[in-house]
Amino acid sequence: MGEIRQSYLVAATSAVSLLRHPAVGASWDKPSALTEFGVAGLAGHLAHQLVRVGDVLPADGEVQEPVDLIEHFSRSPWVQAGLDHESNVGIRRGGEAAAACGAAALADKAQALLDHLSAALPAEPADRVVLLPWAGWYLRLDDFLLTRLVELVVHSDDLAASVGVDTPELPPAVIEPVVDLLARLAVHRHGATAVIRTLSRAERAPAAISAF
């Protein structure tokens, strides 16, 4: 199995464990660390990173040329849209809907999906291309898993911060591709000079180099 697939499963396993943490259930109805997201909705959004992968695995009978990751994020309206944009409102509503079953049931559903993906992903061809039906374009499966890996790592930190527990520690094989992709996206959005200055020259650093 490829490294990104293994890294995704490691991060997903960690996320499911976090969803089961008693602090998540205890804070279920409280605001999260993210503006306009409650803890329940954020937990639902974290779990949805397993749902999305399950959604793209069935073959649709047609394969088109996949876009690259920079193009994927450039086309995605939520990346630079405001909190009130329909894409971000839809993300929050989707998280809330996923969490409507409660903390324990959400964790159980996420575990069942993880068990399914742990068996399914190693069997997928190395060059598998998948359709993102909600987006309307194709990605290499491993590229799509990298996007979900970013979501799992970032939102695990958000959820941990929201409920007052330590951010899960993840191995370099998980963290390094996330940092690499976020850096590439930051360079694409802000330019190489801004990113280099932020990382090396605090006195000349721009206010922000957020990838999103």
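Refer to the preceding data block for the structure.
A few points on the structure. Keep in mind that this is a model prediction, so the values were computed, not measured. Per chain, the residues get numbers from 1 upward, laid out in the order the sequence is written. Note on the predicted model: pLDDT of at least 70 is required for a residue's local features to be given, and 80 or more for side-chain atom pairs to be given and counted; whole-chain, interface and lining totals, by contrast, use all residues. With hydrogens and water excluded, all non-hydrogen atoms of the structure serve as input to the side-chain values.

### Observations concerning the packing of helix 7 (residues 141-163) against helix 8 (residues 172-190)
Right, on to step 1. Between N-to-C directions, angles span 0 to 180 degrees; the directions come from axes that are lines fitted to C-alpha atoms, helices contributing only their stretch in contact. The helix count covers DSSP runs of H or I at least four residues long, the strand count covers runs of E at least two residues long, and both are numbered beginning at the N terminus. It is at 9 Å that the axes of helix 7 and helix 8 come closest, and there the two elements cross at 105 degrees. The pairing of helix 7 with helix 8 is recorded here as roughly perpendicular in orientation. Along its contact with helix 7, which presents Leu146, Leu149, Val150 and Val153, the element helix 8 presents Val174, Ile175, Pro177, Val178, Leu181 and Leu182. Convention used here: angles under 35 degrees read as roughly parallel, angles over 145 as roughly antiparallel, angles from 65 to 115 as roughly perpendicular, and any remaining angle as oblique. We call two residues contacting when some pair of their heavy atoms lies within 4.5 Å.

### Observations regarding unusual backbone geometry
With the exception of glycine, the majority of residues adopt a negative phi angle, and the majority of peptide bonds are in the trans configuration.
Right, on to step 1. Look at glutamate 36: it is not a glycine, yet its phi comes out positive at around 75 degrees.
Right, on to step 2. Topologically, glutamate 36 is positioned in the loop between helix 2 (22-26) and helix 3 (39-56).

### Focus: the packing of aromatic side chains
Right, on to step 1. Under the pairing criterion, centres of Phe, Tyr and Trp rings, with the six-membered ring standing for Trp, must be within 6.5 Å; the plane angle then separates stacked pairs below 30 degrees from edge-to-face pairs above 60, leaving the rest tilted. The final tally for this structure, using the stated rule, is one aromatic pair.
Right, on to step 2. Centroid distance tryptophan 134 to phenylalanine 144: 5.9 Å. Interplanar angle 50 degrees. Geometry classified as tilted. Here the residue tryptophan 134 occupies a position in the loop between strand 1 (129-132) and strand 2 (137-140), and phenylalanine 144 occupies one in helix 7, the gap between them amounting to 10 residues.
Right, on to step 3. Classification of tryptophan 134 as partly exposed rests on a relative accessible area of 36%.
Right, on to step 4. Definition used: whenever NZ (Lys) or CZ (Arg) falls within 6 Å of the ring centre and also within 35 degrees of the ring normal, the charge is taken to sit over that ring. The aromatic ring of tryptophan 134 is capped on one face by arginine 52, whose charged end is 3.8 Å from the ring centroid. Note on exposure labels: buried denotes an accessible area under 20% of the residue type's maximum, exposed denotes more than 50%, and partly exposed covers the range between, all computed with a 1.4 Å probe on protein chains only.

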